[in-house]
Amino acid sequence: MSEAPTQATNPARRAGRMLLLIAVAVLMSYPLLWLIASSFKPESLIFSDPGLIPAQFTLANYLEGWNRLGVPFGIFMLNSAVICVLAIVGNLFSCSVAAYAFARLEFPFSKLAFGLMLLTLMLPFHVTVLPQYIVFQNLGAVNTIIPLVLPKFFAVDAFFIFLLVQFIRGIPRDLDQAAEMDGCNKYQIFWHIIFPICRPALVLVAIFTFLWTWSDFFSQLIYLNQVEKYTAPLALNLFIDATSGESAWGMLFAMSVITLLPLFILFVLFQRQIAEGIATTGLKG
Amino acid sequence: MTTFPRGPRLDRRGALKLSIGGAAALWLGSATQGFAQATQIKASWYGGQDTHDRMQQALALFSEKNPDIQVGVEFAPFADFYDRLPVQYSGGGAPDVHRHSMTYLFDYIERGLLADLTQHIGSTIDISGLYPGVVEIGTAGEQTQAIGNNQIAVALFYNQEKLDAAGVTGALDNLTWDAFRDMAIELGQAGGDQHYGTNDAGGFIALFELFVTQRGKGLYSDGALGFDRQDLADWFTFWHSMRAERGAPPPSVTAESAGFQNSPMVRNLAAMQTGWCQQLVFFQALMTQELGIHACPSPEGASDNGHLIRALDFWVAPARSAHVEQSARLIDFLLNDEEAIQTLGLTLGGPASDKASAILAETADAPSAKILNYLEELRPLASPQTPHWISGHGELESLLNRLNASVGFEQTTPEAAAENFFSEADRILG
Amino acid sequence: MAQDTVEAVITGKQATRDATAASRRGEAWAALVFLTPWILGIVLLTALPMIGSFVLSFSNYDLLSAPRWVGTANYERLLFSDPRYLKSLEVTTVYVLVSVPLAVAVALIIAVTLSEATRSANFFRGVYYLPSLLGGSVAIGVLWRQIFGSSGLVNISLSGLGFQTTSWIGDPRYALWTLIILNVWQFGAPMVIFLAGVRQIPKEVVEATIMDGANPVQRFFRITLPLLSPLILFNLVMQTITAFQAFVPAYVVSDGSGGPIDSTLFYTLYLYLEGFRNFRMGYAMSMAWVLLVIIAVFTALSFYASRFWVHYES
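If you're wondering where the values come from, they're calculated on a predicted model, not measured in any experiment.

Undergrad: How would you summarise the overall build of chain A if you had to cite specific residues and measurements?
TA: Counting secondary structure elements, chain A contains 14 helices and 0 strands. Dimensions along the principal axes, computed over C-alpha positions, put chain A at roughly 70 × 65 × 30 Å. Taking all 285 residues of chain A together, 51% fall into the buried category. Within chain A, counting contacts between residues at least 6 apart in sequence, those at least 24 apart form 74% of the total.

Now the structure itself:
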């Protein structure tokens, strides 16, 4: 669409660019291709047969891996999905309202509050997890998904607030002012102007929340104790135990591929939203 | 819900939802009523999927025989288990009974976190058949806070084919440390470039414990190190000389050999491997060539071979648990019930009693039989002591490993590394 | 409604802001309403644990028994007498300084190159994002061994070309660099953020410069770079914070040890080992607070410097 005419008229250059893109793509995806290839190899060949095309093709890793853990792997995926969806809803709501206040509204101590918000990003997770655990333990919420999703409704992911603040700051203020002239109050401006224009950024929030929650590990480990409540990453870890020598790498790879699949599909769907984002909001500069 | 018809009127779909919810509530209600008398306890352990399967089967048997106790289960791989456990203890949500490794056991015992099981021993937990070292290790003074769930020893695994090919099998008959080194170097040379005799076990603290036990000392005594700087310097020197002539791999190869499938023996880079005896099963599963098991090297002309046979993993109950009695019954069941022993097999380690040895011998497959034999033959030759590790052992274990690698990478000398170990140990055990 | 406002924007452009005291107060109230979830969250879920960890950083808290006050002993030890701590600081600093600028630069270049909504661009974006999907999964450890191990892909290629080989992940001189490559390899998140930013650049502006005869490189520097500068700042700051706190890559590649001989002992990995494995949570918490100060200084400097190169719409 916005393809520059100079490039379009130069087929040699386009071909060169395409080749480079393909080369980088192959290089970058080799580890994943190896992972996928290995998931179709029998366990004994995984580490001895380095090739990408399995010398011996088998579906056993998928069929056995799905039921190996006593609970069908789909349950773990479902557990992960529930947590992800709730986390997305929480983040979209709580982070966008907070970001709007930080980016657009004047209020006392706004600089201080913004600094505080950034500060919460800087403390390593491992040291706040324990006091939080004690709080949730006393609330009787351990071994439920509450500790994993409830915080999302209180804008604890400062990353997303900061991201949205940076986006909102990039939106021309003229828009707000014009709406104000029309008699819109701040709530209306947020809901009718800022929120829709932020759509590409909100899609980002949704994608990242999904990806990161889906592959989060430590907090899920300490809050979810029973295998029926395990999420996909916790379940994947069950395939490997360093002390017992139980190592079902083939099944681990097969289930890893299955776990990656929804991420990939969602990413492909959503990233087109981002790429098309601004075109569909009908905004003209 | 339906007695307050104040909200919007129920349409058919709403009514359906309600009745499903009601049915579920009814079902849940009756389900909990059925077990109204049962005490709920939570059991937890670490291990691989085989352990998880067998433990759950054993617990199902337990529930059948003890309808008054309902057991909820939690399990995870070793590393994940120990990420979660301290948080649970700290937050007050520790399981009522759980498996505990000696690596960390004394960190919990010394802080008074584990329940004293003494009053249940004899009455609820029958320990009469258990081997020495299974109960002793978790006993201090009047109190027993941990009861072993296995009995194991270190061992040397070897690739029979490679030993035969190099013509060194005979060296096993009188395996002194020097003979072991010569043999390893020969095997490395026989294998050709980038082949080695055995894995670098300089960081394997249980083997070092054997080494000092053979010198009449111990890893620990009275809460401090039980050996001298020179012992450790000798140990580092021994492994450095192994690496120098390809008796053991260089440290960069060792650095990437964590996990069974990456061990030099499995990758066909080495002919031997040291480890805990029950690991033979795991190594054998990853290899096509037949593996043998043998006692580790010992010094020339010693009265016993210094091997320690004892429990490495334990059953414990937290002091804060309200159900120590029920936990004790579960522990007894897992240790003594014939069906439980049969169900668990060797998944928790070697058998902890003669009874278990006999039951397991009946059904053992080839590698398992080798392990049982090994323990059987080792028992009369082994040291009669059952020393235990102490609080801080986990940290010392990784310190030993790191220093051995430092010597290997020539960042330090064996003497300086030994010195370093002692000063760090002072701080850690301080 | 939305259409009306867009009309209003176009017609009301020259309107100036005329803030009265009353409307400012209204604005402050609105801000309070908008910030309510965040305030509740920060007070209940973040601030209290943070204060707790700060207090405990002056104690010998071991996770398992009651803490005892030790004054500034933890801070003294980590600043003056813990060589492993200094090593972890060094490892982390190299990791941050090398991998963050690289990852952000690669992400920016790829995002701009692949900004069109064509099918092929979509495809490549998907492929380039793939590595980031893996995140810190356990499989990464194995994959990295397959590539950088002694018999990995890199060595197979190198020895094919006649070069000497070593185990890249097993050699303390190179192990950290394989983790830097891992971080750069996973540039998907900043790439997507840049992409969303590129799509926000008004087409008219781009078209105007094309009319002016600017070539793609000139356009990149004149239009794209300034307009993306808020997001460049964002990505740099966030990647820096994340890299300082990097834990999972070292954990999965070195099997939790930070080895060989501490060459990949990331700051938070050491913090975790001390806190959770060696039962020195008080010490770990003092490490966390020093890290917070380090990151805060870095961030403050970035924000200060950003005045000179970041361009906001206003």
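Undergrad: Hey, could you go over the interface of chain C and chain A for me, with residue numbers and the actual values?
TA: With 87 residues of chain C at the interface, the matching set in chain A holds 91 residues. Among the residues forming the side of chain C that touches chain A, the class breakdown is 58 nonpolar, 19 polar and 10 charged.

Undergrad: For the nonpolar core, give the residues involved together with the corresponding values.
TA: Residues and elements named next belong to chain A. Ranked by size, the top nonpolar core spans 305 residues in total, and within it Ala98, Ile161, Leu163, Leu164 and Leu204 carry the most contacts. For this core, the element with the most residues is helix α4 (residues 73-104), which contributes 14 residues. Residues in contact with Leu164, not counting those within four places in the same chain, are Cys95, Ser96, Ala99, Cys198, Ala201 and Val205.

Undergrad: Quick rundown of the domain arrangement of chain A? Include the residues and the values.
TA: All names here are of chain A. Entries for chain A in the domain assignment read domain 1 (5-58) and domain 2 (66-281). Inter-centroid distance (C-alpha atoms) of domain 1 to domain 2 is 30 Å. The partner domain 2 presents 7 residues to the 8 residues of domain 1 that form the contact. A per-class count over the side of domain 1 that touches domain 2 returns 4 nonpolar, 2 polar and 2 charged.

Undergrad: So what's going on with the confidence of the model for chain C? Which residues, and what values?
TA: Residues and elements named next belong to chain C. Taken residue by residue, chain C gives an average pLDDT of 83. The fraction at 70 or more is 92%. Looking at the elements of chain C, mean pLDDT is at its lowest for helix α1 (residues 2-11), recorded as 40, and at its highest for helix α4 (residues 83-113), recorded as 93. Segment residues 1-19 is flagged for pLDDT under 50; beyond a separation of four residues in sequence, or across chains, it makes 25 contacts in the model. For this predicted complex, the interface confidence score (ipTM) comes to 0.84, while the overall pTM stands at 0.87.

Undergrad: Please give an account of the UniProt feature "transmembrane region" (unreviewed entry) in chain A that cites residues and values.
TA: Residues and elements named next belong to chain A. According to UniProt, the positions carrying the feature "transmembrane region" (unreviewed entry) are residues 18-37, 73-102, 114-136, 148-168, 189-214 and 248-270. Annotated as residues 189-214, this span is 96% helix and 0% strand, and its ends, taken at the C-alpha atoms, are 33 Å apart. For the annotated span residues 248-270, helix accounts for 96% and strand for 0% of the residues, and the straight-line distance between the end C-alpha atoms is 33 Å.

Undergrad: Give a description of the sheet that holds strand β1 (residues 39-46) of chain B that names residues and reports values.
TA: All names here are of chain B. On the basis of which strands lie adjacent, the open sheet formed by 5 strands has the order β2-β1-β3-β12-β6 and mixed pairing. Lying at the two open borders of the sheet, with one neighbouring strand each, are β2 (69-76) and β6 (147-148). Examined bridge by bridge, β1 and strand β3 (residues 97-101) share 2 bridges and lie parallel to one another. Bridging across to β3, Ser44 finds its partner in His98. Running over the sheet, helix α4 (residues 102-109) touches β3 and β12 (313-316) and is turned about 115 degrees from β3.

Undergrad: Requested: an account of unusual backbone geometry, with residues and values cited.
TA: Where the residue is not glycine, phi is negative for most of them; where a peptide bond is considered, it is trans in most cases. Located in the positive-phi region is A:Asn143, a residue other than glycine, with phi close to 70 degrees. By the element assignment, A:Asn143 lies in the loop between α6 (125-138) and α7 (146-149). What makes A:Asn143 partly exposed here is the crowd of 18 C-beta atoms within 10 Å. Positioned with a positive phi, B:Glu410 is a non-glycine residue whose angle comes to about 60 degrees. Among the secondary structure elements, B:Glu410 is positioned in the loop between α15 (393-408) and α16 (414-429).

Undergrad: Break down the packing of helix α5 (residues 110-122) of chain A against helix α14 (residues 281-309) of chain C for me, with residues and values.
TA: With their axes 9 Å apart at the nearest point, α5(A) and α14(C) run at an angle of 130 degrees to one another. Taken together, the axis directions place α5(A) and α14(C) in an arrangement best described as oblique. Here α5(A) runs over α14(C); the crossing is right-handed. In this structure, α5(A) uses A:Leu118, A:Leu119 and A:Met122 to contact α14(C), whose residues at the interface are C:Leu292, C:Ile295, C:Ala296 and C:Thr299. Looking at the contact of α5(A) with α14(C) residue by residue, the class counts come to 6 nonpolar, 1 polar and no charged.

Undergrad: Give a description of the confidence of the model for chain A that names residues and reports values.
TA: Residues and elements named next belong to chain A. Of the residues in chain A, 91% have a pLDDT of 70 or more, and the chain-wide mean is 83. Confidence over residues 1-8 falls short of pLDDT 50; this stretch has 14 contacts with residues more than four positions distant or in other chains. When the criterion is pLDDT under 50, residues 277-285 qualifies, and its contacts beyond four places in sequence or with other chains add up to 16 contacts.

Definitions and limits used
One numbering rule holds for all chains: residues counted from 1, following each sequence as written. Chains and ligands are labelled by the order in which they are written, letters from A for the one and numbers from 1 for the other. Per-residue local features are limited, in this predicted model, to residues with pLDDT of at least 70; the limit for side-chain atom pairs, both in listing and counting, is 80 or more; totals at the level of whole chains, interfaces and linings are taken over all residues. The secondary structure listing takes helices from DSSP runs of H or I that are at least 4 residues long and strands from runs of E that are at least 2 residues long, numbered from the N terminus. With C-beta atoms placed from the backbone, a residue counts as buried when 20 or more other C-beta atoms lie within 10 Å of its own, as exposed when 12 or fewer do, and as partly exposed for counts between those limits. Residues are scored as being in contact if the C-beta atoms we place from backbone atoms lie within 7 Å. Amino acids outside the nonpolar list (Ala, Val, Leu, Ile, Met, Phe, Trp, Tyr, Cys, Pro) and the charged list (Asp, Glu, Lys, Arg) are all regarded as polar, and Gly is one of them. Buried Ala, Val, Leu, Ile, Met, Phe, Trp, Tyr and Cys residues form a nonpolar core when they are connected through C-beta atoms within 7 Å. Where each domain starts and ends comes from a domain assignment, either automatic or drawn from a database. Every residue is assigned a pLDDT by the predictor, reflecting its confidence on a scale from 0 to 100. UniProt positions are given in the numbering used here, feature names are shortened, and annotations may be inferred rather than shown by experiment. Here, strands pair whenever DSSP counts at least two bridges between them. Helix axes are fitted only over the stretch in contact, all axes being lines through C-alpha atoms; the angle between N-to-C directions runs from 0 to 180 degrees. Convention used here: angles under 35 degrees read as roughly parallel, angles over 145 as roughly antiparallel, angles from 65 to 115 as roughly perpendicular, and any remaining angle as oblique. Rotating anticlockwise by less than a right angle from the far helix to the near helix defines a left-handed crossing, while the corresponding clockwise rotation defines a right-handed one.

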